[in-house]
Amino acid sequence: MAKLDNALSSLPPSLLALSALAIGSSTTLVVAILYRRFARRIPNGDWVTPDVLAGKRWIKGYVTNVGDNDNFRVYHTPAFGWRWPLKFRRIPTRRDKLQHQTIHIRIAGVDAPEGAHFGRPGQPYAPEALTWLKSQVEGKTVYCQLFRKDQYGRIVGSAYVPRALVPAWMSKGKNVSVEMLRAGWAVTYEQAGAEYGGLGKEAFLAIQAEAQKAKRGMWKNGVGAETPAEYKKRGASSDKAGEAESQADGQEAQRRPLWRRLFSRT
Ligand SMILES: *[C@@H]1O[C@H](CO)[C@@H](O)[C@H](O)[C@H]1NC(C)=O
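Residues numbered from 1 in each chain as written. Predicted model: local features only at pLDDT ≥ 70, side-chain atom pairs only at ≥ 80, totals over all residues.

Looking at the overall build of the chain
Then step 1. Counting secondary structure elements, the chain contains ten helices and eight strands.
Then step 2. Here the chain holds 266 residues, and the buried ones make up 26% of them.
Then step 3. Look at the contacts in the chain between residues 6 or more apart in sequence, and 67% of them connect residues 24 or more apart. (Helix = DSSP H or I, 4+ residues; strand = E, 2+ residues; numbered from the N terminus. Buried ≥ 20, exposed ≤ 12 C-beta atoms within 10 Å, placed from the backbone. Contact = placed C-beta atoms within 7 Å.)

Digging into the site of the ligand
Then step 1. Looking at the ligand, the residues that line it are Ile-107, Ala-108, Gly-109, Ser-158, Asn-175, Ser-177, Val-178, Glu-195, Tyr-196, Gly-197, Gly-198 and Leu-199.
Then step 2. When the residues that make up the shell around the ligand are grouped by side-chain class, the tally is five nonpolar, six polar and one charged. (Near = placed C-beta within 6 Å. Nonpolar A, V, L, I, M, F, W, Y, C, P; charged D, E, K, R; others polar.)

Considering unusual backbone geometry
Note: most residues except glycine have negative phi, and most peptide bonds are trans.
Then step 1. Note that the residue after Trp-84, namely Pro-85, is joined by a cis bond; omega there is 5 degrees.
Then step 2. Relative to the assigned elements, Pro-85 resides in the loop between strand E2 (71-76) and helix H4 (95-98).
Then step 3. Backbone geometry places Lys-56, a non-glycine residue, at a positive phi of 45 degrees.
Then step 4. Residue position: Lys-56 is located in the loop between helix H3 (50-54) and strand E1 (58-68).
Then step 5. Residue classification places Lys-56 among the partly exposed residues on the basis of 14 C-beta atoms within 10 Å.

Topic: the UniProt feature "transmembrane region" (unreviewed entry) in the chain
Then step 1. When the UniProt feature table is mapped onto this chain numbering, "transmembrane region" (unreviewed entry) sits at residues 15-35.
Then step 2. Helix makes up 100% of residues 15-35 and strand makes up 0%, while its end C-alpha atoms are separated by 30 Å. (UniProt positions renumbered as here; feature names shortened; annotations may be inferred.)

Brief notes about helix H7 (residues 201-213)
Residues spaced three or four apart along an α-helix face the same direction, because each turn holds 3.6 residues.
Then step 1. With 13 residues, H7 ought to run about 18 Å at 1.5 Å a step, and its terminal C-alpha atoms sit 18 Å apart, in line with that.
Then step 2. Turning to H7, its buried residues number three or more, namely Phe-204, Ile-207 and Ala-211. What you see down the axis of H7 is that its buried residues fit within an arc of 65 degrees, all on one side. Facing away from the buried side of H7, by more than 90 degrees, are the exposed residues Glu-202 and Lys-213.
Then step 3. Once H7 finishes, Lys-215 follows within two positions and takes phi at roughly 50 degrees, a positive value. (Expected span 1.5 Å × (residues − 1). Arc of directions from axis to C-beta.)

Concerning the pairing of strand E6 (residues 155-161)
Then step 1. The element E6 is largely enclosed, with a buried count of six among its seven residues.
Then step 2. Summarising the sheet, strand E3 (residues 103-107) and E6 pair through three bridges and their orientation is parallel. Its bridge partner lying in E6, Ile-105 is registered against Ile-155.
Then step 3. Alignment of strand E5 (residues 141-149) against E6, held across six bridges, turns out to be antiparallel. The residue of E6 that forms the bridge with Gln-145 is Ser-158.
Then step 4. The antiparallel pairing of E5 with E6 creates a hairpin that spans five residues between the two strands, and Gly-153 there sits at a positive phi of about 80 degrees.
Then step 5. Examined bridge by bridge, E6 and strand E7 (residues 174-175) share two bridges and lie antiparallel to one another. Considered in E7, the bridge of Val-161 is made with Lys-174. (Pairing = 2+ DSSP bridges.)

So, the pairing of E2
On any regular strand, side chains alternate: one points to one face of the sheet, the next to the other face.
Then step 1. Most of E2 sits out of view: six of its six residues are buried.
Then step 2. Burial along E2 is two-sided: the residues Asn-71, Arg-73 and Tyr-75 and Phe-72, Val-74 and His-76 are all buried.
Then step 3. Connecting E1 to the antiparallel partner E2 that follows it, the hairpin turn spans two residues.
Then step 4. Where E2 lies against E3, four bridges are found, and the strand directions are antiparallel. Of the residues in E3, the one forming a bridge with Asn-71 is Arg-106.

Quick look at the structure:
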């Protein structure tokens, strides 16, 4: 220590000040980078920028709501501080407090039966599929990997429900897409741009075939029913199913009070 003191006092003070400044600012930079990457909350889909998607970011979050059969809203809960014994951050519960504070996730690789939209009757088993998805994710902590944005601004990604007592670094848990297929409440998404990740499309189709053979979920009366893709296509001739969906989003936005629509930035 005395040696170090000697060495330091023999240096010119300006050099000392300069190196202290350099150490200080690089520490600040590192902290800022770490904060940005690991602790900053992503409030909603608008903040899921191309660089976040390019990195295929993983996020941890709490599912506040299951909207339709293959998508849900997740409140990003990064880093720590969200649960006992280190609880100093809180997930809002009121609807108005959650507005613009959740990320709309569309689970990748599968297609679930479509629910009723704007007078158009839904597909058979849509309510059952919705009930199933709610039972799996609603009110739970999930891990999602973000792949891309779809044409409705939702984030297409995978979702995993952690298993009790298994730490996240060992296993992310149950793959919601795969479990939904296995339970017979969804079919493999076969349109262009699908993401099957490591498992691959063949594996997805095999899991689906197994569910069909075992007559699980919507296959209980056998196969041959219209698939969600066919249903959407049939609707596309008169009014696009997609338009109906964005219309739904528009109506949701319009339910907001006027002053909020005028002043909110998102
Ligand atoms: C989990 O599902 C996603 C699609 O949501 C897929 O991309 C991925 O390969 C699956 N991973 C595993 C390990 O099953």
